[in-house]
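# Structural overview for review
Given next are the chains, with one letter for each unit.
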Amino acid sequence: MRVFSLLLAASALTISANHLYAGESAPVSWGYEGEHGPSQWGHLQPEFALCDKGMAQSPIDLLGAHKLDLAKIEFSYKDSPFHVINNGHTLEELEPLSETAQSRYPQHGQTATHFNKDSTIVFDDDLYLLEQFHFHAPSEHTVDQRHYPIELHLVHHNERHEAAVVAVFIKEGQHNQHFESFLDHAPKNVGEVVDDHKHVINPKDLLPKNLNYYRYFGSYTTPPCHEGVIWAIMRDPIEVSAEQIGRFRTILGHENARPTQPVHKRFVLETSYFNTAAQLK
Ligand SMILES: [Zn+2]
């Protein structure tokens, strides 16, 4: 396991930005509290305006979803070495991309088998590559205004650079060995990275057995709050122990959940098929 720091790189960036905007104030960061908190994001920078003015923002409350016979999401997740960063906002595992994916992002008509070294999903007959996953505590989405202790976000892109995020609620229950190995690789300090290429994590181990899901169109839940994100939120949570929830919160050091946003005229859909049709193979 290798731990190194991004702090040097980060301060170099700050210096060059200050130089660029000499005479002006330092670049504004965003956070989850006070004057840099979610209610202020839309005013912090012009590029963040959508956080305030957007009409299809995330997260939302999922109560009142319409049941529909939605297509299954086909998951094809691979083992991947640990490359976990603590960016101050969350703890995030970056997925390696194969040379195939790097040299030619999925072209129309290609299937998951063309990218058999990459973690992919097929969603709406469209191939998406998994790029990273990260966690929020408490959950960002709610069901009847109730939060889960943690929410996992698996962030994917297709060839048109459209985003699909698969979310998994995490509730208190049994100890979870897969979450444990993520916690073991979680950098304790902001700007740190933990690299461990001797051990692997497979994101499929963080999915619930039953793959029924809610879906709707929304946005990223962090600035600049870009819209056009297709969300699939697994209906069933996975479990981790109370001790693991506590340890995750301690490492993160603060809450990182954006409050729920107005639904406006959007529909939230929920799969209606039987449980057996939605099991992960
Ligand atoms: Zn997220």
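A few points on the structure. (Residues numbered from 1 in each chain as written. Predicted model: local features only at pLDDT ≥ 70, side-chain atom pairs only at ≥ 80, totals over all residues.)

## Some details on the overall build of the protein
Here is the rule: Numbered from the N terminus, helices here are DSSP runs of H or I no shorter than four residues, and strands are runs of E no shorter than two. Whether a residue is buried, exposed or partly exposed follows from its count of other C-beta atoms within 10 Å of its own C-beta, namely 20 or more, 12 or fewer, or something in between, respectively; the C-beta atoms are built from the backbone. By definition, residue pairs are in contact when their C-beta atoms, positioned from the backbone, come within 7 Å.
The helix and strand inventory of the protein stands at 6 helices and 14 strands. A burial count over the protein gives 34% of its 281 residues as buried. A separation threshold of at least 6 residues defines the contact pool for the protein, and within that pool the share at least 24 residues apart is 69%.

## What about the pairing of strand β5 (residues 91–94)?
So the rule is basically this: For two strands to be treated as a pair, DSSP must find no fewer than two bridges joining them.
Along β5, the buried face is formed by Leu91 and Glu93; none of Glu92 and Leu94, which line the opposite face, is buried. Examined bridge by bridge, strand β4 (residues 80–86) and β5 share 3 bridges and lie antiparallel to one another. Within the sheet, the bridge partner assigned to Val84 lies in β5 and is Glu93. Turn length for the β4-β5 hairpin, with the two strands adjacent in sequence and antiparallel, is 4 residues, and the turn residue Gly88 shows positive phi of about 90°. With 3 bridges joining them, β5 and strand β7 (residues 126–136) adopt antiparallel strand pairing. Within the sheet, the bridge partner assigned to Glu92 lies in β7 and is His134.

## Observations regarding the pairing of strand β9 (residues 163–172)
Residues in a regular strand point their side chains to alternate faces of the sheet. Among the 10 residues of β9, 7 are classified as buried, and the element is accordingly described as predominantly covered. Two strands pair when backbone bridges link them, and strand β8 (residues 150–157) and β9 are joined in this way by 8 bridges, in the antiparallel orientation. The partner of His153 across the bridge, within β9, is Ala167. In the sheet, β9 pairs with strand β12 (residues 227–234) via 4 bridges, with the strands oriented parallel. The partner of Ala164 across the bridge, within β12, is Ile230. Pairing geometry for β9 and strand β13 (residues 238–240), over 3 bridges, is parallel. Looking at the pairing, Ile170 lines up with Ile238 of β13.

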